[in-house]
Amino acid sequence: MSDSLDLLAPPPPAGTPDHVGIGDEAEALSAIRDPRVTLAIWRRRPCVARVDLSTMPPIRFAAPAGQVAERLAGHWAERPPEPWQVPLTWDVARLAALYVELAQEARVEVRLERIAGNGCWKFHADYVGLRLITTYWGQGTQWLPQGADADTAPQALAAGDIGLFKGRALAGDRAIIHRSPPIADSGEDRLLLVIDAEWEQPD
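No experiment lies behind these values; they were computed from the predicted model shown.

Parameters and conventions
- Residues numbered from 1 in each chain as written.
- Predicted model: local features only at pLDDT ≥ 70, side-chain atom pairs only at ≥ 80, totals over all residues.
- Heavy atoms only, no water.
- Helix = DSSP H or I, 4+ residues; strand = E, 2+ residues; numbered from the N terminus.
- Buried < 20%, exposed > 50% of the residue type's maximum accessible area, 1.4 Å probe, protein only.
- Contact = heavy atoms within 4.5 Å.
- Areas by Shrake-Rupley, 256 points an atom, 1.4 Å probe, with all protein chains shown as cover.
- Expected span 1.5 Å × (residues − 1).
- Arc of directions from axis to C-beta.
- Pairing = 2+ DSSP bridges.
- Axes fitted to C-alpha atoms, helices over the stretch in contact; angles between N-to-C directions.
- Parallel < 35°, antiparallel > 145°, perpendicular 65-115°, else oblique.
- Left-handed = near helix turned anticlockwise from the far one by under 90°.
- Nonpolar A, V, L, I, M, F, W, Y, C, P; charged D, E, K, R; others polar.
- Core = buried A, V, L, I, M, F, W, Y, C linked by side-chain atoms within 4.5 Å.
- Lys, Arg positive; Asp, Glu negative; His and termini not counted.
- Salt bridge = Lys/Arg side-chain N within 4 Å of Asp/Glu carboxyl O.

Q: Requested: an account of the overall build of the chain, with residues and values cited.
A: For the chain, the count of helices and strands is three helices and 10 strands. In the chain, the succession of α and β elements from N to C terminus is β-β-β-α-α-β-β-β-β-β-α-β-β. Counting over 203 residues, the chain shows a buried share of 48%. Partitioning the intrachain contacts of the chain with sequence separation of at least 6 by distance along the chain shows that 74% fall at a separation of at least 24. Looking at the chain as shown, the accessible area adds up to about 10,300 Å², and 53% of this sits on carbon and sulfur atoms.

Written as structure tokens, this is what we have:
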């Protein structure tokens, strides 16, 4: 399968909110180009098996997409080599390349970390343009359809799924509402990847 997103996104499954695009190939992410769409989801299986990362510090850096693999390799060089590092590095670099194609950004901000608490457990919309989120293992990000009320049950990405979320900078009041699943004191953990456009640094 080509990583190019020049193809039209397939129609979403029946019952999907009209502001959400979903598909089983990378091309599903191109639905985010539709002004009506605030969340595009590429459904896929997890590509990295669960491992013990309890001693791994959070990884965060900004770089051109073409240098993401090199930057991650530098982080792994500080740890004993593990077989999961290569497929994880390849996948993060691939997703960074897909992100810059859709967001039309030269550089990306990459955050990769193990989450064992509640994180951003309150429903909210991000003050960004586009944000890519995937959970390599553990519970995925929860989201609400537009028009949801207090009784609306949240939907969620599955482990492995790729979500492209429109934030307030791009969608205003229509920005997708979402949260991290509350897992504090459950014994669960998540391996979370977030890719944004490079954040502007204050002078």
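Here the narrative resumes, following the displayed structure.
Q: Break down helix α2 (residues 85–103) for me, citing the residues and quoting the values.
A: Compared with an ideal rise of 1.5 Å per residue, which puts 19 residues at 27 Å, α2 spans 26 Å between its outermost C-alpha atoms and is within 8% of the ideal. Residue Gln104 follows α2 closely and has a positive phi angle near 60 degrees.

Q: Now, about the side chain of Thr135: what can you tell me, with residues and values included?
A: Take Thr135: it is sitting in strand β5 (residues 130–137). By relative accessible area, Thr135 is classed as buried at 2%. The residues contacting Thr135, other than those within four sequence positions of it, are Gly140, Thr141, Ala159, Gly160, Asp161, Arg190, Leu191 and Leu192.

Q: Quick one: what's the story with helix α1 (residues 68–76), residue by residue and with numbers?
A: Within the sequence span of α1, burial applies to Val68, Leu72 and Trp76. In a view along the axis of α1, the buried residues occupy a sector of 75 degrees, so they form one face of it. Where α1 is buried, its residues meet β3 (59–64), α2 and β4 (107–115).

Q: Can you break down the sheet that holds strand β7 (residues 155–156) residue by residue, with the values?
A: The strand order across the open sheet formed by three strands is β7-β6-β9, and the pairing between neighbours is antiparallel. Here the strands that pair on one side only, and so sit at the sheet edges, are β7 and β9 (177–179). When strand β6 (residues 142–144) meets β7, the two strands line up antiparallel, connected through two bridges. Paired with Trp143 across the bridge in β7 is Gln155.

Q: Go over the packing of α1 against α2, please, and point to the residues and values.
A: Packing of α1 against α2 leaves a shortest axis separation of 9 Å and a crossing angle of 150 degrees. Between α1 and α2, the angle is such that the two are roughly antiparallel. Regarding α1 and α2, the two cross each other, and that crossing is right-handed. Contacts between α1 and α2 pair Val68, Ala69, Leu72 and Trp76 from the former with Gln85, Leu88, Thr89, Val92, Ala93 and Ala96 from the latter. Split into classes, the residues belonging to the contact of α1 with α2 amount to eight nonpolar, two polar and no charged.

Q: Can you break down the pairing of strand β10 (residues 190–197) residue by residue, with the values?
A: Of all the eight residues making up β10, eight are buried; the element is thus mostly covered by neighbouring parts of the structure. As paired elements, β4 and β10 share eight bridges and run antiparallel to each other. When the sheet's bridge partners are listed, Val108 is paired in β10 with Ala197.

Q: Kindly report on the nonpolar core, identifying the contributing residues and their values.
A: Grouped together as the largest cluster of nonpolar side chains are 41 residues, with contacts concentrated most on Val68, Leu88, Leu95, Tyr99, Leu112, Tyr136 and Ile195. Secondary structure elements with two or more residues in this core: β2 (39–42), β3, α1, α2, β4, β5, β8 (162–166) and β10. When residues in this core are grouped by element, the largest group, 10 residues, is from α2. Residues contacting Tyr99, with those up to four places away along its chain left out, are Gln104, Val108, Leu130, Arg131, Leu132, Leu164, Ile195, Asp196 and Ala197. The next biggest cluster of nonpolar side chains, apart from the first, holds 12 residues, and it includes Val20, Ile41, Trp143 and Phe165.

Q: Would you mind going over the side chain of Arg190 in detail, with residue names and values included?
A: Take Arg190: it is sitting in strand β10. Of the buried charged residues, Arg190 lacks a salt bridge, with Glu188 as the closest side chain of opposite charge at 7.5 Å. Ignoring anything within four residues of it in the chain, the contact list for Arg190 reads Glu113, Arg114, Ile115, Thr135, Trp137, Gly138, Gln139, Gly140, Thr141, Ser180, Pro181 and Ile183.

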